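Descriptive structure summary
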Amino acid sequence: MPDNLTPDWSSEFEHYKKLSREVVTNEDIINFFNKNQKAFYLDSFSSSWGKMMDAYEVKESLSSDQLNNLEEMQWQEMPDSLKLFAYNFCIKNGFCFTGTST
């Protein structure tokens, strides 16, 4: 384990990584998103959630008001399109979960 990772962080990361291996369908992704909010914030060093929201704003051509409304929503009430995008951006291709850390 790298020196800069705490045992708590590492075990949480491994927990979510193991859970993500069970994700196959879009329904699985949505369920993972709804139940595992913390998994989307483990990668605090690269601010993947903020970067994902910026990319989603561009992809969906959202106004700043629309983006603010999304950010103020309850976690499970967010649109499915955001949940799918967030999973692919933060978990499937995320810095921590792809093992590309140096």
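Residues numbered from 1 in each chain as written. Predicted model: local features only at pLDDT ≥ 70, side-chain atom pairs only at ≥ 80, totals over all residues. Heavy atoms only, no water.

Attention now goes to the nonpolar core. The biggest cluster of nonpolar side chains holds 24 residues, and the ones touching the most others in it are Phe40, Trp49 and Met52. When contributions to this core are tallied by element, the ones reaching two or more residues are helix H1 (7-20), helix H2 (26-35), helix H3 (48-59), helix H4 (64-72) and helix H5 (80-92). Broken down by element, the residue count for this core peaks at six residues, all from H5. Not counting residues up to four positions away in its chain, the partners in contact with Trp49 are Phe33, Phe40, Tyr41, Trp75, Met78, Ala86 and Cys90. (Core = buried A, V, L, I, M, F, W, Y, C linked by side-chain atoms within 4.5 Å. Buried < 20%, exposed > 50% of the residue type's maximum accessible area, 1.4 Å probe, protein only. Helix = DSSP H or I, 4+ residues; strand = E, 2+ residues; numbered from the N terminus. Contact = heavy atoms within 4.5 Å.)

Moving on to unusual backbone geometry. Within the chain, Ser61 stands out as a residue other than glycine whose phi angle is a positive 50°. Judged by relative accessible area, which is 62%, Ser61 ranks as exposed.

This paragraph deals with the confidence of the model for the protein chain. Per-chain confidence: the protein chain averages 85 in pLDDT, with 79% of residues scoring 70 or above. H1 is the least confidently modelled element of the protein chain, averaging 81 in pLDDT, while H2 averages 97, the highest of any element. Of the regions scoring below 50 in pLDDT, residues 1-7 engages in three contacts with residues more than four places distant in sequence or in other chains. (pLDDT = per-residue confidence, 0-100.)

Turning our attention to the packing of H3 against H5. Two elements in contact, H3 and H5, have axes whose closest approach is 10 Å; the angle formed by their N-to-C orientations is 130°. Considering the angle they form, H3 stands oblique to H5. In this structure, the crossing between H3 and H5 has a hand that is right-handed. Between H3 and H5, the contacting residues are Ser48, Trp49, Lys51, Met52, Met53, Ala55, Tyr56 and Lys59 on the first element and Ser81, Leu82, Phe85, Ala86, Phe89 and Cys90 on the second. For the contact of H3 with H5, the class distribution of residues is 10 nonpolar, two polar and two charged. (Axes fitted to C-alpha atoms, helices over the stretch in contact; angles between N-to-C directions. Parallel < 35°, antiparallel > 145°, perpendicular 65-115°, else oblique. Left-handed = near helix turned anticlockwise from the far one by under 90°. Nonpolar A, V, L, I, M, F, W, Y, C, P; charged D, E, K, R; others polar.)

Evaluation of the coordinates by the stated rule reveals 12 aromatic pairs. Both rings, one in Tyr41 and one in Trp49, keep their centres 5.4 Å apart while their planes meet at 35°; by these two values the pair is tilted. The buried category is assigned to Trp49, whose relative accessible area is 12%. Ring-pair connections join several aromatic residues into one group, and the members of that group are Phe32, Phe33, Phe40, Tyr41, Trp49, Trp75 and Tyr87. (Phe/Tyr/Trp six-rings, centres within 6.5 Å; stacked < 30°, edge-to-face > 60°.)

If you trace the backbone, Ser48 turns up in helix H3. Judged by relative accessible area, Ser48 falls into the buried class, the value being 6%. Sequence spacing of Ser48 and Cys90 is 42 residues, and the spatial spacing of their C-alpha atoms is 5.9 Å.

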